[in-house]
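# Overview (structure and organization)
Listed below, chain by chain, are the residues.
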Amino acid sequence: GGDIIADKKTFLFITLLQKINDSDRETLMGPFENDNDKVTCVKNLMVKYNVDQEILKLAKQYSASAIEHLNAVQCDESKKYELHSLINQLLLRQV
């Protein structure tokens, strides 16, 4: 919720803006009584428009590509461990 509260224009938020109807766009642009209402609204709209799942699918595709390229690098596997761990951590990160 920190990115939502800070009004950051993340890929998730921009994708949502591209998909929503005019009525939901007005709701999204506020005003909100408090930060919790704002975060709840944005998250609900992301689910309504399936943005959360769309972005998760895209993240998995990019991660699979990254792993494929990493595996193609010719070096000791132990040197790739940290990068593999980072890819997995990024995939497990909550949207």
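See the structure shown above.
Right, let's walk through the structure included here. (Residues numbered from 1 in each chain as written. Predicted model: local features only at pLDDT ≥ 70, side-chain atom pairs only at ≥ 80, totals over all residues. Heavy atoms only, no water.)

## Points about the side chain of Ser63
As a reminder, the rule being used: The helix and strand labels rest on DSSP assignments: H or I over at least four residues marks a helix, E over at least two residues marks a strand, and numbering proceeds from the N terminus. Under the scheme applied here, a residue whose accessible area is under 20% of the maximum for its type counts as buried, over 50% as exposed, and between as partly exposed, the area being computed with a 1.4 Å probe on protein chains only. Residue contacts follow a heavy-atom distance rule, with two residues in contact if any of their heavy atoms lie within 4.5 Å.
Mapped onto the elements, Ser63 comes out in helix α5 (residues 51–72). By relative accessible area, Ser63 is classed as buried at 12%. What Ser63 contacts, discounting residues up to four positions off in sequence, is Ile87 and Leu91.

## Description of the pattern of salt bridges
Applicable threshold: Between Lys or Arg on one side and Asp or Glu on the other, a salt bridge is scored when a side-chain nitrogen of the former is within 4 Å of a carboxyl oxygen of the latter.
Within this structure, the stated rule accounts for 5 salt bridges. Lys48 is the salt-bridge partner of Asp24, the closest N and O atoms lying 2.7 Å from each other. Of this pair, Asp24 sits in helix α3 (residues 22–28) while Lys48 sits in helix α4 (residues 35–48), and the two are 24 residues apart along the sequence. The shortest N-O distance in the salt bridge between Lys80 and Glu77 comes to 3.1 Å. Taken as a pair, Lys80 and Glu77 lie in helix α6 (residues 77–92) at a separation of 3 residues, close to a single helical turn.

## As for the packing of helix α2 (residues 11–19) against α5
Using the following cut-off: Every axis in this analysis is a line fitted to C-alpha atoms, fitted for helices over the stretch in contact. Angles between the N-to-C directions lie between 0 and 180 degrees. Throughout this description, any angle smaller than 35 degrees is read as roughly parallel, any larger than 145 degrees as roughly antiparallel, any in the 65 to 115 degree range as roughly perpendicular, and the remainder as oblique. When the near helix sits turned anticlockwise from the far one by under a right angle, the crossing is termed left-handed; a clockwise turn instead gives a right-handed crossing. Nonpolar residues are Ala, Val, Leu, Ile, Met, Phe, Trp, Tyr, Cys and Pro. Charged residues are Asp, Glu, Lys and Arg, and all others, Gly as well, are polar.
Two numbers describe how α2 lies on α5: the axes approach to 10 Å, and their chain directions differ by 130°. Here α2 is positioned oblique relative to α5, judged by the angle of their axes. Taken as a pair, α2 and α5 cross one another with a handedness that is right-handed. Packed against α2, whose contacting residues are Phe11, Leu12, Thr15, Leu16 and Lys19, the element α5 presents Val51, Glu54, Ile55 and Leu58 at the interface. When its residues are assigned to classes, the contact of α2 with α5 shows 6 nonpolar, 1 polar and 2 charged.

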